[in-house]
Amino acid sequence: MATKTVFVLFGATGDLAKRMVLPAFYTLAIEGLLPADWVLVGNGRGDVAHEDFRKHVHDVLVEFGPHPDKGPWREFERRLLFAGGGFSTDSPGSLLDVIDGARRKLGPKAELVHYLAVPPQTFPELTRALGRHGLAEGARVVYEKPFGTSPRDFRSLNRTVHSVLDESQVYRIDHFLGKEATQNLHVLRFANELFAAMWNREHIESVQIDVPEDLGVDDRAGFYDATGAVLDMLVTHLFQVAAEVAMEPPASLAAGDLQSARERVIRSFRPLDPAEVVLGQFDGYRDIEGIDRRSKTDTFVAAKLWIDNARWKGVPFLLRTGKRMAASEQRVTIVLRTPDRPLPGLPAQANALTFALSGDGQIELRLLAKKPGTELRVEPATIKLPLAELPDAEPLPPYVRLIHDVLLGDRSLFTRPDGLSAAWRAVQPVLDTPPRLAKYPQGSWGPPAAKKLAAPYRWLSGQ
Ligand SMILES: NC(=O)C1=CN([C@@H]2O[C@H](COP(=O)(O)OP(=O)(O)OC[C@H]3O[C@@H](n4cnc5c(N)ncnc54)[C@H](OP(=O)(O)O)[C@@H]3O)[C@@H](O)[C@H]2O)C=CC1
Ligand SMILES: O=C1O[C@H](COP(=O)(O)O)[C@@H](O)[C@H](O)[C@H]1O
């Protein structure tokens, strides 16, 4: 890790910055995981005084934690600056001046890390502006997801990025890859022969990646209405998690090997059939302030994904996510086949390995076993392994882990253009010919068609 770093946070007063990035930065400070000397420069189109930005960060930490009093707030706040007036090829606003000031303090060799916590439509212009104003050389640049807003836009953005930056400078973040339980998809599997040996179509009947959310979109209506569930969650988080499940064994778990294995399997994702996709919009969505009254944006998507390779032939990957649903969960379930002999009549979908991704993460193994007693009765029972309870566990929230990886220069949990290109190819049919948008009541499990989509299986959460 460089000892001196100027961290530039574009979109510093936005939703992601307040919920995730600024709290992650403060957690890194508390844990002693930041470079020895650093400055964080917030950027935005408005003019915000340094003092007001510090107050904003303080308020954010009070609301989202860690509370300022839990760490070195006084020392932390004096390293926070704000550069207003936006940043574009035509005008750098006050960013160059503020960075010059930071470099005078830290020394000219301080490393630059840019974090683009802004809507994806703004990535190309900000990238060109980094090049134009001399802020790209030697810098690391973190792009939020989605990287692009359509397959064509992805290709264009990728060209722009590579005209300014070398691929080794680029960190495309997908925070689901930074979750502790997601990392166990490759670690548990490859560390235990029990799972390594059964990780194929012979033993696995189906896979579910289910991320219902009870929250809505009120705080980020503009962003969400221009994005929708397919781009916000499906082609991004759910596909990356599917790739984590489906990857072939990497040569090692070193950064390049792991990244390659995950990205490579996405090429085997069969383009989605719109007849196997359900799109929904919750009742009342169009009444939200900032949402188009005639919006056709999807707030729910369920899809059946097929992976065309020898390991997964015929195994459906059922993916589902939506806003304002009945519950908030993030569950990846590997459903095992039910032996057809010698015990007849066993319940379906009863043997399953689940990775619960939210919070610190949990692994669950649901097994059929003999119920103690005189009769031969088989019952499902669940063994739960909360990851935080492993000896000496120090679970890191995903943004903390991933920002730390950026500072270290470790790209293993970041996405690559070859994988993203394949992901966009797989989702293209749905963007070209979207299925009819079905309404669903708030607090439900989405449109009824999603239930039919799962048949002959059933969604393991909710219904
Ligand atoms: N919010 C979340 O929970 C998550 C968000 N993300 C990703 O993070 C990124 C940002 O999302 P989020 O923070 O929610 O979005 P916001 O709508 O809050 O936008 C963030 C900031 O971007 C700036 N901005 C907005 N529109 C423009 C524009 N047209 N030109 C230049 N700047 C603009 C604004 O700053 P200013 O007005 O100061 O210029 C705004 O505060 C997205 O790519 C999203 O996918 C990823 C994971 C979770
Ligand atoms: O990227 C996003 O992720 C969140 C869910 O993330 P988590 O922190 O709860 O794991 C989702 O709500 C949001 O719409 C999306 O942009």
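This one's a predicted model, so the numbers in the text were calculated from it and none came from an experiment. (Residues numbered from 1 in each chain as written. Chains lettered and ligands numbered in written order. Predicted model: local features only at pLDDT ≥ 70, side-chain atom pairs only at ≥ 80, totals over all residues.)

1. A closer look at the site of ligand 1
Step number 1: Ligand 1 sits among 20 residues. The nearest are Gly-11, Gly-14, Leu-16, Gly-44 and Arg-45.
Step number 2: Looking at the shell around ligand 1, the elements that each hand over two or more residues are α1 (15-30) and α9 (221-225).
Step number 3: Ranked by residue count, the leading element in the shell around ligand 1 is α1, at 3 residues.
Step number 4: Here the residues of the shell around ligand 1 sort into 6 nonpolar, 8 polar and 6 charged. (Near = placed C-beta within 6 Å. Helix = DSSP H or I, 4+ residues; strand = E, 2+ residues; numbered from the N terminus. Nonpolar A, V, L, I, M, F, W, Y, C, P; charged D, E, K, R; others polar.)

2. Let's talk about the UniProt feature "binding site: substrate" (unreviewed entry) in the chain
Step number 1: Per the UniProt record, "binding site: substrate" (unreviewed entry) is found at His-175, Lys-179, Glu-213, Asp-232 and Lys-323.
Step number 2: Secondary-structure assignment places His-175 in the loop between β6 (170-172) and α7 (180-191).
Step number 3: Taking the C-beta count within 10 Å as the criterion, His-175 has 22 such neighbours and is therefore assigned buried.
Step number 4: With residues near it in sequence (within four places) discarded, His-175 still touches Pro-398, Tyr-399 and Leu-402.
Step number 5: Its location among the elements puts Lys-323 in the loop between β10 (317-322) and β11 (331-336). (UniProt positions renumbered as here; feature names shortened; annotations may be inferred. Buried ≥ 20, exposed ≤ 12 C-beta atoms within 10 Å, placed from the backbone. Contact = placed C-beta atoms within 7 Å.)

3. Section: the environment of Met-20
Step number 1: Within the secondary structure, Met-20 is located in helix α1.
Step number 2: The exposure class of Met-20 is buried, given the 21 C-beta atoms found within 10 Å.
Step number 3: Distance in space between the C-alpha atoms of Met-20 and Ile-99 is 23 Å, their sequence separation being 79 residues.

4. Section: helix α11 (residues 255-266)
For the α-helix, the turn length of 3.6 residues means that residues three or four positions removed from each other point alike.
Step number 1: The end-to-end C-alpha separation of α11 is 18 Å, in line with the 16 Å expected for 12 residues at 1.5 Å each.
Step number 2: All of the buried residues along α11 are Leu-258, Gln-259, Ala-261, Arg-262, Glu-263, Val-265 and Ile-266.
Step number 3: Of the surrounding secondary structure, the elements contacted by the buried residues of α11 are α7, α10 (228-246) and α13 (417-432). (Expected span 1.5 Å × (residues − 1).)

5. Notes on the sheet that holds strand β13 (residues 362-370)
Step number 1: Strand order in the open sheet made by the 9 strands is β14-β13-β12-β11-β7-β10-β9-β8-β15, with mixed pairing throughout. The sheet is open, and its two borders are formed by β14 (378-386) and β15 (437-440), each paired with just one other strand. Strand-to-strand twist across the sheet, computed as the mean angle between neighbouring axes with direction ignored, equals 20°. (Pairing = 2+ DSSP bridges. Axes fitted to C-alpha atoms, helices over the stretch in contact; angles between N-to-C directions.)

6. Structural notes on the environment of Glu-364
Step number 1: Structurally, the position occupied by Glu-364 is in strand β13.
Step number 2: Remark: the alpha-carbon pair of Glu-364 and Thr-433, spanning 69 residues in sequence, is separated by 38 Å.
Step number 3: Apart from residues lying up to four places away in sequence, Glu-364 is in contact with Thr-354, Ala-356, Thr-382, Ile-383 and Lys-384.

7. Here's the deal with the packing of helix α6 (residues 151-164) against α13
Step number 1: In contact at an axis separation of 9 Å, α6 and α13 are set at 165° when each is read in the N-to-C sense. The angle between α6 and α13 places the two elements in the roughly antiparallel class. Where α6 crosses over α13, the two elements pack in a sense that is left-handed. Contact residues: Pro-151, Phe-154 and Asn-158 in α6; Pro-417, Leu-420, Ser-421, Trp-424, Arg-425 and Gln-428 in α13.
Step number 2: Considered class by class, the residues forming the contact of α6 with α13 number 5 nonpolar, 3 polar and 1 charged. (Parallel < 35°, antiparallel > 145°, perpendicular 65-115°, else oblique. Left-handed = near helix turned anticlockwise from the far one by under 90°.)

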